[in-house]
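Structural description and commentary
This is what each chain is made of:
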Amino acid sequence: AKQSGRNNYQFFVPEMNQRAMQRLQLETALRRAIERGEMVLHYQPQMELETARIDGCEALVRWQHPERGMVPPIEFIPLAEESGLILPLGDWVLREACAQQARWARAGMPLAMAINIAALQFQQAEFVPRLRQILQETGADPRYIELEITEGALLASTDELVERLDALCAMGLSLALDDFGTGYSCLAYLKRLPIQRLKIDRSFIKDLPGDLEDAAIAAATLSMARDLGMRVVAEGVENPAQRDYLMARGCHAIQGYLIGKPQPAAAFEAWLRQQEG
Ligand code: C2E
Ligand code: CA
Ligand code: CA
Ligand code: CA
């Protein structure tokens, strides 16, 4: 059916034809890549500012393409979300990141593991049972697992959603609101939902401390988080001036090239041991 379908595309206008073909090819390639084990996770360190200790990391997916090399997530995550392929991909990420958390804990490196969860993935009815199963099978410690969700996952603010969040917290997991400030921040839900951390988006950190608007947004986020009893992690911190600005305003943790870039597990582990040794 795929073969004859391919011929049909020739009736479209050439540009659409090409784009549709590219999408289809990418989707097929992505599906195969998941099956063939071409997906890898890189880990980026997070530093707790008060102690200057690396206390966690974020798992970030990459596609190790046999010809194209390391493909960044921006080139396939949006398509994976549109096509639903984010479900098998997200499932793989969840399992791999949990397995890594357990391996590091056994090796005497108990690190918090932040895992990105797509809205579609989070909204599946099977999400909580599936997660429970993965925790059990991998031996990951839920107290060291943090799920990064975006405001998009919280839009349908139903009883069911609140129940799901409560169930996750009851399991010992924590929740972080990713890309904070970039969505339709309906701040009302923050007081109702059990979310422990806000993750200030890099777009607000990039021009700190010089940019007045960004400085105001970062400072306001930190102050609000404090009053709500939430912790804050800033992403995309690249220089000491940004770190100092955030630290002076009570930011709890930072993540960014200043501390370290995302790296494969073995390189991350070697880097961490060097930091500590
Ligand atoms: P994100 O969740 O906001 O992740 C942070 C992104 O900022 C990462 O890009 C990271 O490499 C990059 N970054 C961190 N520190 C710095 C810095 O100091 N400077 C600069 N310029 N960039 C920095 P990456 O790995 O390319 O990921 C891009 C996005 O792809 C992520 O944004 C996330 O939305 C998505 N993504 C990555 N992995 C997964 C995954 O496993 N599942 C899902 N659903 N989405 C993922
Ligand atoms: Ca994230
Ligand atoms: Ca972000
Ligand atoms: Ca500005």
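In the annotation of an unreviewed UniProt entry, the protein chain is listed under the name EAL domain-containing protein and assigned to Uliginosibacterium aquaticum.

1. Points about the coordination of the calcium ion (ligand 3)
For the calcium ion (ligand 3), every protein donor is listed as Asp 179 (OD), Asp 201 (OD) and Glu 235 (OE), and the spread of their distances is 1.9 to 2.5 Å. When the donor residues of the calcium ion (ligand 3) are listed from N- to C-terminus, their spacing reads D-x21-D-x33-E. In this structure, the calcium ion (ligand 3) lies 5.7 Å from the calcium ion (ligand 2). One end of the pair, Asp 179, is in strand β6 (residues 174-180); the other, Glu 235, is in strand β8 (residues 231-235), and 56 residues separate them in sequence.

2. Focus: the pattern of salt bridges
Considering all chains together, one arrives at 16 salt bridges under this definition. Linking Asp 141 and Arg 143 is a salt bridge whose minimum nitrogen-to-oxygen distance equals 2.7 Å. By relative accessible area, which is 63% here, Arg 143 ends up exposed. Ionic contacts of the salt-bridge type, sharing partners, join the residues Glu 58, Glu 148 and Lys 199 into one network.

3. Looking at the site of ligand 1
With respect to spatial proximity, 21 residues lie near ligand 1, and among them Gln 44, Arg 62, Arg 202, Glu 238 and Tyr 257 are the closest. Glu 238 places a polar side-chain atom, nitrogen or oxygen, 2.4 Å from a nitrogen atom of ligand 1. Within the backbone of Tyr 257, a nitrogen or oxygen atom sits 2.8 Å from an oxygen atom of ligand 1. Out of a free accessible area of 800 Å², ligand 1 has 82% covered by protein chains. Listed by contribution, the elements that provide at least two residues to the shell around ligand 1 are β2 (53-65), α4 (86-106) and β6. With 4 residues, β2 is the single largest residue contributor to the shell around ligand 1. The residue inventory of the shell around ligand 1, partitioned by class, reads 10 nonpolar, 4 polar and 7 charged.

4. A word on the coordination of the calcium ion (ligand 4)
Each donor-metal-donor angle would ideally measure 109.5 degrees in four-coordinate tetrahedral geometry, or 90 or 180 degrees in six-coordinate octahedral geometry. The coordination sphere of the calcium ion (ligand 4) contains the protein donors Asp 211 (OD), Asp 211 (OD) and Glu 213 (OE), at a distance range of 2.4 to 2.9 Å. The class of Asp 211 is partly exposed, set by a relative accessible area of 26%. Taking relative accessible area as the criterion, Glu 213 reaches 56% and is therefore assigned exposed.

5. Quick word on the pairing of strand β4 (residues 112-116)
Both β2 and β4 contribute to a ladder of 4 bridges, which runs parallel. Each bridged residue has a counterpart across the sheet, and for Glu 58 the counterpart in β4 is Ala 114. Bridging between β4 and strand β5 (residues 145-149) involves 4 bridges; their strand directions are parallel. Opposite Ile 115, over in β5, you have Leu 147 as the bridge partner.

6. A look at unusual backbone geometry
The omega angle of the peptide bond from Leu 208 to Pro 209 is -10°, so this bond is cis rather than trans. Its identity is not glycine, yet Ala 52 carries a phi of approximately 55°, on the positive side. When you line up the elements, Ala 52 lands in the loop between β1 (39-48) and β2. Overall, Ala 52 belongs to the partly exposed group, its relative accessible area being 49%.

7. Considerations on helix α12 (residues 265-276)
Its 12 residues place the ends of α12 16 Å apart at the C-alpha level, agreeing with the 16 Å of an ideal helix rising 1.5 Å per residue. Listed as buried for α12 are Ala 265, Phe 268, Trp 271 and Leu 272. One side of α12 holds all its buried residues, which, seen down the axis, span an arc of 130°. Pointing more than 90 degrees away from the buried face of α12 are the exposed residues Ala 266 and Gln 274.

So, how was this worked out
- Residues numbered from 1 in each chain as written.
- Chains lettered and ligands numbered in written order.
- Predicted model: local features only at pLDDT ≥ 70, side-chain atom pairs only at ≥ 80, totals over all residues.
- Heavy atoms only, no water.
- Donors = N, O, S within 2.8 Å, 3.2 Å for Na, K, Ca; no water.
- Helix = DSSP H or I, 4+ residues; strand = E, 2+ residues; numbered from the N terminus.
- Salt bridge = Lys/Arg side-chain N within 4 Å of Asp/Glu carboxyl O.
- Buried < 20%, exposed > 50% of the residue type's maximum accessible area, 1.4 Å probe, protein only.
- Near = heavy atom within 4 Å.
- Polar contact = N/O pair within 3.5 Å; in protein donor to acceptor, adjacent residues only side chain to side chain.
- Areas by Shrake-Rupley, 256 points an atom, 1.4 Å probe, with all protein chains shown as cover.
- Nonpolar A, V, L, I, M, F, W, Y, C, P; charged D, E, K, R; others polar.
- Pairing = 2+ DSSP bridges.
- Expected span 1.5 Å × (residues − 1).
- Arc of directions from axis to C-beta.

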